[in-house]
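Residue-level structure breakdown
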Amino acid sequence: MSASKQVRSRVEALRQQIAHHNYRYYALDDPEIPDAEFDALMRELESLEAEYPELITPDSPTQRVGGAPSEAFAEVEHGEPMLSLANAFGEQELTDFDRRVRERLDADEVDYTAETKLDGLAVSLRYENGELVRGATRGDGIRGEDVTANVKTIKAVPLKLRGSEYPRVIEVRCEVFMTHSGFERLNAAQRKKDLKTFANPRNAAAGGLRQLDSRITAERPLTVFCYGVGQISGGDAPDTQYERLQWLKKLGHRVSPEVKRVHGLKECFKYYEEIGNRRDKLGYDIDGVVFKVDRVDYQDRLGQVSRAPRWAVAYKFPAQEQTTRLTAIDVQVGRTGILTPVARLEPVRVGGVTVTNATLHNQDEIDRKDVRAGDTVIVRRAGDVIPEVVSVIKEKRRKGAKRFNLLKHVKNKCPVCGSEALREEGEAAVRCTGGLVCAAQRKQAIFHFASRRAMDIEGLGIKIIDQLVDNELVKTVADIYTLDRDTLIGLERMAEKSADNLLENIEKSRDTTLPRFLYALGIRDVGEATAQSLALHFGDLDPIMKADEEALQEVPDIGPIVAAHIRHFFDQPENRQVADRLRKEVRWPKIEKKREEDLPLKDKTVVLTGTLSSMERNQAKERLMALGAKVTGSVSKNTDLVIAGEKAGSKLTKAEKLGVEVIDEDAFLKMIGNG
Ligand code: IVH
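The following refers to the structure shown. Bear in mind the structure is a predicted one, so any value in this text is a computation, not a measurement.

Reading the values: rules and limits
- Residues numbered from 1 in each chain as written.
- Predicted model: local features only at pLDDT ≥ 70, side-chain atom pairs only at ≥ 80, totals over all residues.
- Heavy atoms only, no water.
- Helix = DSSP H or I, 4+ residues; strand = E, 2+ residues; numbered from the N terminus.
- Rg over C-alpha atoms; globule rule 2.2 N^0.38 Å.
- Buried < 20%, exposed > 50% of the residue type's maximum accessible area, 1.4 Å probe, protein only.
- Contact = heavy atoms within 4.5 Å.
- Lys, Arg positive; Asp, Glu negative; His and termini not counted.
- Charge placed at Lys NZ, Arg CZ, Asp CG, Glu CD.
- Near = heavy atom within 4 Å.
- Polar contact = N/O pair within 3.5 Å; in protein donor to acceptor, adjacent residues only side chain to side chain.
- Nonpolar A, V, L, I, M, F, W, Y, C, P; charged D, E, K, R; others polar.
- Pairing = 2+ DSSP bridges.
- Axes fitted to C-alpha atoms, helices over the stretch in contact; angles between N-to-C directions.
- Salt bridge = Lys/Arg side-chain N within 4 Å of Asp/Glu carboxyl O.
- Disulfide = S-S within 2.5 Å.
- Phe/Tyr/Trp six-rings, centres within 6.5 Å; stacked < 30°, edge-to-face > 60°.
- Lys NZ or Arg CZ within 6 Å of the ring centre and 35° of its normal.
- Expected span 1.5 Å × (residues − 1).
- Left-handed = near helix turned anticlockwise from the far one by under 90°.

Notes on the overall build of the chain
Helix and strand counts for the chain stand at 25 helices and 24 strands. For 675 residues, the compact-globule estimate of 2.2 N^0.38 gives 26 Å, and the C-alpha radius of gyration of the chain, at 34 Å, exceeds that figure by more than 25%. Overall size of the chain, expressed as C-alpha extent along the three principal axes, is 95 × 70 × 60 Å. Looking at the chain residue by residue over its 675 residues, the buried ones come to 47%. Residue pairs at least 24 apart in sequence account for 67% of intrachain contacts in the chain once pairs closer than 6 positions are excluded. Here the chain contributes 105 positively and 109 negatively charged side chains, and the mean placements of these two sets differ by 3 Å.

So, the site of the ligand
Around the ligand, 15 residues are found, and the nearest of them are Glu115, Lys117, Leu118, Glu175 and Lys292. Here a nitrogen atom of the ligand and a backbone polar atom of threonine 116 are 3.1 Å apart. In the model, an oxygen atom of the ligand is placed 2.5 Å from a nitrogen or oxygen of the glutamate 175 side chain. Looking at the shell around the ligand, the elements that each hand over two or more residues are strand S3 (111-118) and strand S10 (286-293). The dominant element in the shell around the ligand, judged by the number of residues it contributes, is S3, at 4 residues. Per-class residue counts for the shell around the ligand are 8 nonpolar, 2 polar and 5 charged.

Observations concerning the environment of valine 110
Inspection of the secondary structure assignment puts valine 110 in the loop between helix H3 (90-105) and S3. For the pair valine 110 and aspartate 98, spaced 12 residues apart in sequence, the C-alpha to C-alpha distance is 8.3 Å. Other than its neighbours up to four places away in sequence, valine 110 contacts Val101, Arg102, Leu105, Val262, His263, Gly264 and Val293.

Quick notes on the sheet that holds S3
With respect to topology, 5 strands assemble into an open sheet ordered S2-S13-S10-S3-S9, the strand pairing being mixed. Both edges of this open sheet fall to strand S2 (86-88) and strand S9 (260-263), since each of them pairs with a single strand only. Across the sheet, the axes of successive neighbouring strands diverge by a mean angle of 35°, strand direction being ignored. Across the face of the sheet, helix H9 (residues 264-278) comes into contact with S3, S9, S10 and strand S13 (312-316) while running at roughly 140° to S9.

A look at the pattern of salt bridges
With the rule as written, the count across this model stands at 48 salt bridges. A salt bridge links arginine 261 to glutamate 243, with the shortest nitrogen-to-oxygen separation between them at 3.9 Å. With arginine 261 in strand S9 and glutamate 243 in helix H8 (residues 241-250), this residue pair connects regions lying 18 residues apart in the sequence. For arginine 261, a relative accessible area of 34% corresponds to the partly exposed category. Owing to a relative accessible area of 37%, glutamate 243 belongs among the partly exposed residues under this scheme. The shortest N-O distance in the salt bridge between glutamate 528 and arginine 453 comes to 2.8 Å. Here glutamate 528 is found in helix H18 (residues 528-538), whereas its partner arginine 453 is found in the loop between helix H13 (442-450) and helix H14 (462-470), with 75 residues between them in sequence. Its relative accessible area of 18% is what places glutamate 528 among the buried residues.

What to know about the state of the cysteines
Evaluated as defined, the whole model comprises 0 disulfides. Cysteine cysteine 417 is unpaired, with the sulfur of cysteine 432 as its nearest cysteine sulfur at 3.6 Å. By relative accessible area, cysteine 417 is classed as buried at 19%.

Re the packing of aromatic side chains
Applying the stated rule across the entire model yields 12 aromatic pairs. Both rings, one in tyrosine 271 and one in phenylalanine 291, keep their centres 6.2 Å apart while their planes meet at 70°; by these two values the pair is edge-to-face. Placement of tyrosine 271 in helix H9 and of phenylalanine 291 in strand S10 is noted, with a sequence separation of 20 residues between them. Both residues of the pair, tyrosine 271 and phenylalanine 291, count as buried. Between phenylalanine 569 and phenylalanine 570, the aromatic rings sit 5.1 Å apart at their centres with planes inclined by 85°, giving edge-to-face as the arrangement. Using a relative accessible area of 0% as the deciding quantity, one classes phenylalanine 570 as buried. When the ring centre of tyrosine 23 is taken as reference, the NZ or CZ atom of arginine 162 above it lies at 3.7 Å.

Topic: the sheet that holds strand S23 (residues 641-644)
Pairing is parallel across the open sheet formed by 4 strands, whose spatial order is S22-S21-S23-S24. Bordering the open sheet on either side are strand S22 (630-632) and strand S24 (661-664), each of which pairs with just one other strand. On average, each strand axis in the sheet is inclined to that of its neighbour by 30°, with strand direction left out of account. Of the strands in this sheet, strand S21 (605-609), S23 and S24 are in contact with helix H24 (residues 650-658), which crosses S21 at around 140°.

A closer look at helix H21 (residues 560-571)
For H21, which comprises 12 residues, the first-to-last C-alpha distance of 16 Å matches the rise-based estimate of 16 Å (1.5 Å per residue) to within 8%. Packing partners of the buried residues in H21 comprise strand S19 (421-423), H18, helix H19 (541-546), helix H20 (549-552) and helix H22 (573-585).

A closer look at unusual backbone geometry
Even without being a glycine, aspartate 456 presents a positive backbone phi close to 55°. In this fold, aspartate 456 is placed in the loop between H13 and H14. Among the residues examined, aspartate 456 registers a relative accessible area of 38% and is labelled partly exposed. Despite not being glycine, aspartate 603 shows a phi value in the positive range, around 65°. Structurally, the position occupied by aspartate 603 is in the loop between H22 and S21. Residue aspartate 603 is classed as exposed on the basis of its relative accessible area, which comes to 64%.

Examining the packing of H3 against H9
Packing of H3 against H9 brings their axes to within 10 Å, and their N-to-C directions diverge by 140°. As H3 packs across H9, the resulting crossing turns out to be right-handed. Mapping the contact onto sequence places Glu91, Leu94, Thr95 and Asp98 in H3 and Leu265, Cys268 and Phe269 in H9. The residue inventory of the contact of H3 with H9, partitioned by class, reads 4 nonpolar, 1 polar and 2 charged.

What follows is the structure, given as structure tokens:
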């Protein structure tokens, strides 16, 4: 059955609507309808075209899916050559460019269109009578490859120009590229299919565009920004670069929102700086900015030299990757006690600064990249990110270069405090076990010690801690209790009144509880709940410091790992010393040693559901376990109690059905003594 008039006009209407929404989405970046609605329009068109194949036209939006593979790309000649850009490196070269432009034009100051320099592939899109007839790569600038089937799969490329006011022939010049998120998605999909992943978005975009099978191109998340025009016949274009780009946008093309008209050299530098600051947040790669003399009549007067226009220049950002020699591998200790291998480098300029160190992350990374002292390496520095060693140029390795082993290198000791350094099973990091005494961890340890839920020393914030540690007034947390008024007043921005307040708060903190004190020590994995269990089980500090791992594991929620951490902590003589000193400075009420049989939730099975506003679910779980409860994930007839937070769902319903006792968050807090 052939299509009725009605069907024909519906198909036409759908195509117009789809083109309109594509324009809103890609050119204006301002969609009017949700994606799902757009998809529904596409599906309707697809099904009509399936029913009436005679209605399919090459410019139908359904034709972006790609077609059967071709043998090779045909060669095509551009209507106008695709030029390249001269580069300017450094302020002087840009200044020289501007001076030459002004001299040739005999002008005082010139307007430029400032654009980002996209890092993808140049493509020319040829429209005849408003229809996309050809897409071509740059090639040698005169002739390129015909990639029409491929560019048609790129949704941001209009298959038809908007409106009716356009030249009979127009070549639109644009850059095909991939966003960071598109790139991540593609690589994730490749990994899933066990296919090779791409090194960077540029390679992925190039690979995608140069597919002989356009169905593969269609699956690659490619997009475009247009930055100029080539041949124009049978019509006119505006007289300035800036207006031309706005015009292209009106015709349905996607133009970068970063395009700006600037006046004179000074504003060029400003633009460069502004874009440079936002470079990492753009979501796609750029390698510099481009300045183009705005007036087209000026462009014509300036002309070109060897395929590069005299009226445009690329002002590149400093390269983000460089090659240098790695002289040695050292080990640094961070605030959290992690030992990080650091590459010492022969100084090299990367990303605009001189780099002498780069992180090697951890032992696994060193092994994976096989980095050795003396190697020639590629270093990368992007934005504010810490420089890192990307890879080794193995061909340049000297004979006899040895593999690096972090633990062996530090002889199993923290290079800062001499406490034992450990790498636990399943962990990538090597850690210092020095906790309280390690200078590298000192500030963090003091901050934690003073925090509200630990010793609760109000006014001892990070700025004061910085000064106290940097001036060596406090070496360990025990030194807090020997601080005097004169010392505190001597600190920067410390008024007498604040010093007195702080001293008073330090005094107040001397009266604490054993759980708080244990928590304040900052033993790895000993949170508030564990501290409480320890206190209840042992009753005092001394037996805890002496307990072996087996004895520690008798505490309800302490397993072998936490037991080992506690034992380890108190095995460090430095930690023991600090604990002994502190014991003389602070006091806590004696604890009635509770026998396990006396724990209030002994042998009770408890389920947590919904969200709690006062603590994380894990903390709540710890608390419950400290009271002897067994915490499980699902409600059954064996459940004794359900604690229901906000938005509790099916578990609550089930508990009610089974008649299990349910309490809310308030009742729970009262139960654990937090009400
Ligand atoms: S204009 C008039 N503008 O850079 C000269 N090119 O080095 C023609 N590129 O082949 C290029 N962003 O692939 C121009 N905003 C931009 C650009 C840009 C990236 C690429 C393009 C070109 C190469 C020249």
